[in-house]
Amino acid sequence: MAGSTVAIVLGSKSDWPVMEACSRELQAFGVPVLVEIISAHRAPDRLREFVLSAAERDIGVFIAAAGMAAALPGAVAAHTTLPVIGVPLAAGTLQGLDSLLSIVQMPPGVPVATVAIGPPGARNAALLAVQILALGDRRLQEALKKFKSKQAESVDKTCQTSREPRPRE
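Residues numbered from 1 in each chain as written. Predicted model: local features only at pLDDT ≥ 70, side-chain atom pairs only at ≥ 80, totals over all residues. Heavy atoms only, no water.

Participant: Mind showing me how you'd approach the pairing of strand β2 (residues 33–37) here?
Facilitator: Two faces, one strand: in a regular strand the side chains alternate between the faces of the sheet. Bridge count for strand β1 (residues 5–10) against β2 is five bridges, and the pairing is parallel. Residue pairing across strands places valine 6 opposite valine 33, the latter belonging to β2. In this fold, β1 hands off to helix α1 (residues 16–28), which returns the chain to β2; that crossover is right-handed. (Pairing = 2+ DSSP bridges. Helix = DSSP H or I, 4+ residues; strand = E, 2+ residues; numbered from the N terminus. Right-handed = clockwise from strand over helix to strand, strands pointing away.)

Here is the structure:
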């Protein structure tokens, strides 16, 4: 059985300001988080060892954030059968579009789920990881139901308070 921890893998310490929202979202659901900084290009052997140790670290899902060439999510996926979610980061002259395209175009046989660029993607990666873990965890299933319900309530309140009467013609 897969683990209950989500591993957030960053290629650089500079990725943390975006991915911190991912970690907070996971923690809000009570999901254990392990954050590692490992460059796919500069430390490929260390990355491989980390990914291969997933079972002993109780990892059930990997979230890998990467900018520019965005090799990290694919490098993680190459070494595991666990789900991998890639978060493209805005970096370089293309501001994340290059990252998005790199992650979303993984070759057949090496799937990586891909979310939006930057902070919205970081939050959605956390929620997707929770949904994956919830497949075998009733507590997380209930927490997700409450989360969705609160979102709907929030939208309903916004709609009610922002309605202005329209003049009749």
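Participant: What am I meant to see in the nonpolar core here?
Facilitator: Across soluble globular proteins, nonpolar side chains have a tendency to be buried as a group. Met19, Leu26, Phe29 and Ile63 are the most contacted members of the largest nonpolar core, which totals 27 residues. Elements with a minimum of two residues in this core: β1, α1, β3 (59–67), β4 (84–89), α5 (119–134) and α6 (138–162). The leading source of residues in this core is α5, at eight residues. Aside from chain neighbours lying at most four places away, what touches methionine 19 is Ile8, Leu10, Ile63, Ala65, Val87, Leu89 and Ala122. One finds Ile38, Ala54, Ala75 and Val112 within the second-largest nonpolar core, a separate group that totals 21 residues. (Core = buried A, V, L, I, M, F, W, Y, C linked by side-chain atoms within 4.5 Å. Buried < 20%, exposed > 50% of the residue type's maximum accessible area, 1.4 Å probe, protein only. Contact = heavy atoms within 4.5 Å.)

Participant: I keep staring at the side chain of glutamate 25 and nothing clicks. Help me out?
Facilitator: With respect to the helices and strands, the residue glutamate 25 is situated in helix α1. By relative accessible area, which is 10% here, glutamate 25 ends up buried. Beyond its immediate chain neighbours, meaning those up to four positions away, glutamate 25 contacts Arg123, Ala126, Leu127 and Phe147.

Participant: Would you take a moment to explain a nonpolar patch on the surface for this structure?
Facilitator: On the surface, Leu94, Leu97, Leu101 and Val104 cluster together into a nonpolar patch covering about 350 Å² of accessible area. Its place among the elements puts leucine 94 in the loop between β4 and α4 (97–104). (Patch = residues over 30% accessible without salt bridge, like charges linked within 9 Å, V, L, I, M, F, W, Y side chains within 5 Å. Areas by Shrake-Rupley, 256 points an atom, 1.4 Å probe, with all protein chains shown as cover. Salt bridge = Lys/Arg side-chain N within 4 Å of Asp/Glu carboxyl O.)

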